[in-house]
Structures are given as C-alpha cells and as structure tokens.
Amino acid sequence: MTTTSTIATQETLAANAFQVKAFAAQSPTSDVGPISIRRRALRPQDVQIEIQYCGVCHSDYHQVKNEWQSFVPTVYPCVPGHEIVGRIAKVGQAVHKFKEGDIAAVGCLVDSCRECSNCREGYQQFCE
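Examining the overall build of the protein
Thinking step 1. Helix and strand counts for the protein stand at 3 helices and 5 strands.
Thinking step 2. Relative to its 128 residues, the protein shows a buried fraction of 21%.
Thinking step 3. Looking at the protein alone, contacts between residues at least 24 apart form 50% of all its contacts between residues at least 6 apart.

Considerations on the side chain of Asp46
Thinking step 1. For Asp46, the position within the fold is in the loop between β2 (32–39) and β3 (47–55).
Thinking step 2. Looking at Asp46, its side chain comes within polar contact range of the side chain of Arg40, at 2.6 Å.
Thinking step 3. Among all residues touching Asp46, those that are not within four sequence positions of it are Arg40, Ala41, Val91, Gly92 and Val95.

Here we look at a nonpolar patch on the surface
Thinking step 1. On the surface, Tyr53, Val85 and Ile103 cluster together into a nonpolar patch covering about 310 Å² of accessible area.
Thinking step 2. Note that Val85 resides in strand β4 (residues 83–91).

Structural notes on the pairing of β2
Thinking step 1. Of the pairings in the sheet, the one linking strand β1 (residues 18–25) to β2 comprises 8 bridges and is antiparallel in character. Bridge pairing in β2 links Gln19 to Arg38.
Thinking step 2. In textbook terms, the turn of a hairpin is the stretch between consecutive antiparallel strands, and for β1 and β2 this stretch comprises 6 residues.

With respect to the pattern of salt bridges
Thinking step 1. As enumerated under the stated definition, the model contains 3 salt bridges in all.
Thinking step 2. Residues Arg40 and Asp46 are paired through a salt bridge, measuring 2.6 Å at the closest nitrogen-oxygen approach.
Thinking step 3. Residue Arg40 is classed as partly exposed on the basis of its relative accessible area, which comes to 41%.
Thinking step 4. Residue classification places Asp46 among the buried positions, given a relative accessible area of 12%.
Thinking step 5. Across the pair Asp102 and Lys99 runs a salt bridge whose closest N-O atoms are separated by 3.0 Å.
Thinking step 6. Among the residues examined, Lys99 registers a relative accessible area of 53% and is labelled exposed.
Thinking step 7. Three or more residues are tied together by salt bridges with common partners; here these are Arg40, Arg43 and Asp46.

Points about unusual backbone geometry
Thinking step 1. In this structure, Pro77 follows Tyr76 across a cis peptide bond, with omega equal to 0 degrees.
Thinking step 2. Residues other than glycine seldom take positive phi values, yet Asn66 does so here, at roughly 60 degrees.
Thinking step 3. For Asn66, the position within the fold is in the loop between α2 (58–64) and β4.
Thinking step 4. By relative accessible area, which is 13% here, Asn66 ends up buried.
Thinking step 5. Of note in the backbone geometry, Arg114 takes a positive phi value of approximately 65 degrees without being a glycine.
Thinking step 6. Within the element layout of this structure, Arg114 appears in the loop between β5 (103–106) and α3 (117–120).

So, the environment of Lys90
Thinking step 1. If you trace the backbone, Lys90 turns up in strand β4.
Thinking step 2. Among the residues examined, Lys90 registers a relative accessible area of 44% and is labelled partly exposed.
Thinking step 3. Sequence spacing of Lys90 and Glu100 is 10 residues, and the spatial spacing of their C-alpha atoms is 5.5 Å.
Thinking step 4. In contact with Lys90, not counting residues within four places along its chain, are Leu42, Val47, Gln48 and Glu100.

What counts as what
- Residues numbered from 1 in each chain as written.
- Predicted model: local features only at pLDDT ≥ 70, side-chain atom pairs only at ≥ 80, totals over all residues.
- Heavy atoms only, no water.
- Helix = DSSP H or I, 4+ residues; strand = E, 2+ residues; numbered from the N terminus.
- Buried < 20%, exposed > 50% of the residue type's maximum accessible area, 1.4 Å probe, protein only.
- Contact = heavy atoms within 4.5 Å.
- Polar contact = N/O pair within 3.5 Å; in protein donor to acceptor, adjacent residues only side chain to side chain.
- Patch = residues over 30% accessible without salt bridge, like charges linked within 9 Å, V, L, I, M, F, W, Y side chains within 5 Å.
- Areas by Shrake-Rupley, 256 points an atom, 1.4 Å probe, with all protein chains shown as cover.
- Salt bridge = Lys/Arg side-chain N within 4 Å of Asp/Glu carboxyl O.
- Pairing = 2+ DSSP bridges.

From the geometry alone we can't say anything about function, so treat these as descriptive.
This is how it looks when you write it as structure tokens:
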C-alpha cells in the first residue's frame, strides 16, 4: 500500500533529481561514449560521490554486450564500471561517518543484510 507520505517523498526525490556526465553504451554493438544521465535526488542516508577513478572489469563488458540477456538483460544506456573512487560532494542529513571532501571508494559489493548465516560468517558476497 502506498501512503501519502511515500508519494510526497517520491515526488520530492524526483523534483530534486539532477544530471551528471557519464560514459555509456547505447546498444550491444555501440562503443562506450559520453552521455548525460539523470540521477535521483540524495536521500538522507546517501552520499554523492564525484567519481575520479572507475574500474571496468570483464563482467561490465558482458553486461554492455548484453551477453547475459537470458537472466539479467541489459538496460540501455548502460554505464559500465562498478568499482569507483572519488570525493564526497554531498552527504545526506542522516550520514555521520563521512563529510564533504572525504575520499570514498565503493567496491563491487555495496550492501548486505548483515544478519543471514553467510553475512554473520563474513561471506557478505553470498548474502541471501
């Protein structure tokens, strides 16, 4: 069930969305090139990172080429690169461990439940 406050929050996030520069593939056969994409607004628990470096691995290549279409079809434009390093440009109001200007890095695993048996044993990459 969608509540009035949920709808208001979604409308606020949409209204505060912004454009950023990226490199993307437009199709499985296109080269990766510059593009402007729309990003959602910062939520209270988010940090916005100005990306300075990005790793592009072989799984990114498979995704760009839509080689996994039978179980995870690519949505275009596709921006490859899931390991990044940059400076924090903004922090949400609920963020306390980071501040603007800090260096931040995001690896290929960005979240887990921290409660299932795999997480408790240190295997977050296998989070249920």
